[in-house]
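# Reading the structure
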Amino acid sequence: MLSPAPDCAATAPTVSRLVLPQSALAGCVRGLMVRDTRGVALSEAQRYNHFPATPLCSLVWCHHGEAHGLPPGQPARADTPRLAMPAPVLFFGPTTGPMISHNPGPVRSLVLLLMPDALHALTGLTAADWVDRYAALAEVLDADWQALGAAVLAEPDDARWLTLIEDFLQPRWAALRPAAAPAVQRYRDWTQALALRAATSAPGRSLRQVERRLRQWAGQPMRELQVLARGEQAFLQARAAGEAGRLSWAEVAADNGYADQSHLGRITRRLTGFAPQELTRRIAEEESFWPYRIWM
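Everything quoted here is computed from the prediction, not taken from an experiment.

## What to know about the pairing of strand β9 (residues 99-102)
For a regular strand, side chains alternate in direction, first toward one face of the sheet and then toward the other. Sheet analysis places strand β4 (residues 48-51) next to β9, joined by four bridges and oriented antiparallel. Within β9, the residue paired with N49 across the bridge is S101. With two bridges connecting them, strand β6 (residues 68-69) and β9 associate as antiparallel partners. Pairing of G69 across the sheet is with S101, part of β9.

Quick look at the structure:
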């Protein structure tokens with residue numbers, strides 16, 4: 001069965017958790033993010049949700065309440081225009097910049113995070129066609145996936161959500177990838193493995209042919225995947241160092257291949273919308289940054 005990740009920060013007043021897949025699905029599913037704010041008193045600011053750029057694709061269910069998207073680059077303010085979500089079950093492609101959504105009231109939602117190359121293998125979907133795009137699930141995937149979407153949406157028990165997803169994915173993924181993948185796939189490990197597979201999985205091994213395969217499978221060129229992988233690694237190092245009381249941004253930058261601390265700052269702002277120091281503060285203090293707190 002899928003198992004809960006460690007609890008999120010003790011300061012979070014809501015139920016937000018990351019659920020990790022069993023090893024048989026690790027190469028397919030990065031995790032499931034569950035959010036339930038029913039019965040919790042939240043301020044208007046706490047009803048925003050901040051997400052960083054990601055190479056992952058996702059299915060998003062809104063079981064209770066509403067979610068509105070904010071236009072890219074727009075601040076989380078009451079006067080910022082909102083984009084109504086077109087359906088209760090959505091498909092999101094990889095994103096190259098931060099995203100913000102808003103819940104006007106209590107919400108109960110589930111986000112299934114899928115590795116883009118796995119989704120391509122399962123469905124034939126080309127992630128490059130969906131970079132920075134989203135749509136109703138029915139517009140993207142076939143009847144089997146739509147039936148999964150409807151079944152999870154109709155299920156009131158969140159434990160059953162996970163069972164339904166497992167039962168759907170396990171046989172399909174086992175038919176493609178019988179060998180168990182590592183229990184947790186960091187972007188860096190996944191990117192390295194993806195590059196190796198792109199270089200060795202077909203006769204054509206020129207740089208152009210390898211890059212074409214990478215774009216087909218992951219939606220973005222290797223250069224951008226490496227930016228995301230390095231950003232995640234820097235975030236994890238900074239979080240661990242901060243918890244130990246010895247955070248040095250210059251050291252984080254040097255250890256993760258950035259030219260200097262300013263370079264780290266520019267990339268962090270591109271991926272998250274905030275400078276490293278401000279992002280760290282907001283993660284610790286602001287409920288709307290819950291996705292960062294539960295990320296392994």
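## Section: unusual backbone geometry
The phi torsion at D132 lies on the positive side, around 60°, for a residue other than glycine. Within the element layout of this structure, D132 appears in the loop between α1 (116-123) and β11 (134-136).

## Overview of the sheet that holds β4
The four strands lie next to each other as β4-β9-β6-β7, forming an open sheet whose pairing is antiparallel. The sheet is open, and its two borders are formed by β4 and β7 (83-84), each paired with just one other strand.

## As for the pattern of salt bridges
Under the criterion given, the structure shown has 15 salt bridges. A salt bridge links R197 to D117, with the nearest nitrogen and oxygen atoms 2.7 Å apart. Remark: D117 occurs in helix α1 and R197 occurs in helix α4 (residues 187-200); sequence separation between them is 80 residues. Judged by its relative accessible area of 25%, R197 falls in the partly exposed class.

## Some words on the nonpolar core
Counting 63 residues, the largest nonpolar core has L59, L114, W145, I165 and L169 as its most contacted members. The dominant element in this core, judged by the number of residues it contributes, is helix α3 (residues 158-176), at seven residues. If sequence neighbours within four positions are ignored, L59 has contacts with L90, F91, L110, V111, L112, L114, L137, L141 and W145. In terms of nonpolar packing, the next biggest core, distinct from the first, is built from 12 residues, A53, A238, A253 and Y258 among them.

Conventions and cut-offs
Residues numbered from 1 in each chain as written. Predicted model: local features only at pLDDT ≥ 70, side-chain atom pairs only at ≥ 80, totals over all residues. Heavy atoms only, no water. Pairing = 2+ DSSP bridges. Helix = DSSP H or I, 4+ residues; strand = E, 2+ residues; numbered from the N terminus. Salt bridge = Lys/Arg side-chain N within 4 Å of Asp/Glu carboxyl O. Buried < 20%, exposed > 50% of the residue type's maximum accessible area, 1.4 Å probe, protein only. Core = buried A, V, L, I, M, F, W, Y, C linked by side-chain atoms within 4.5 Å. Contact = heavy atoms within 4.5 Å.

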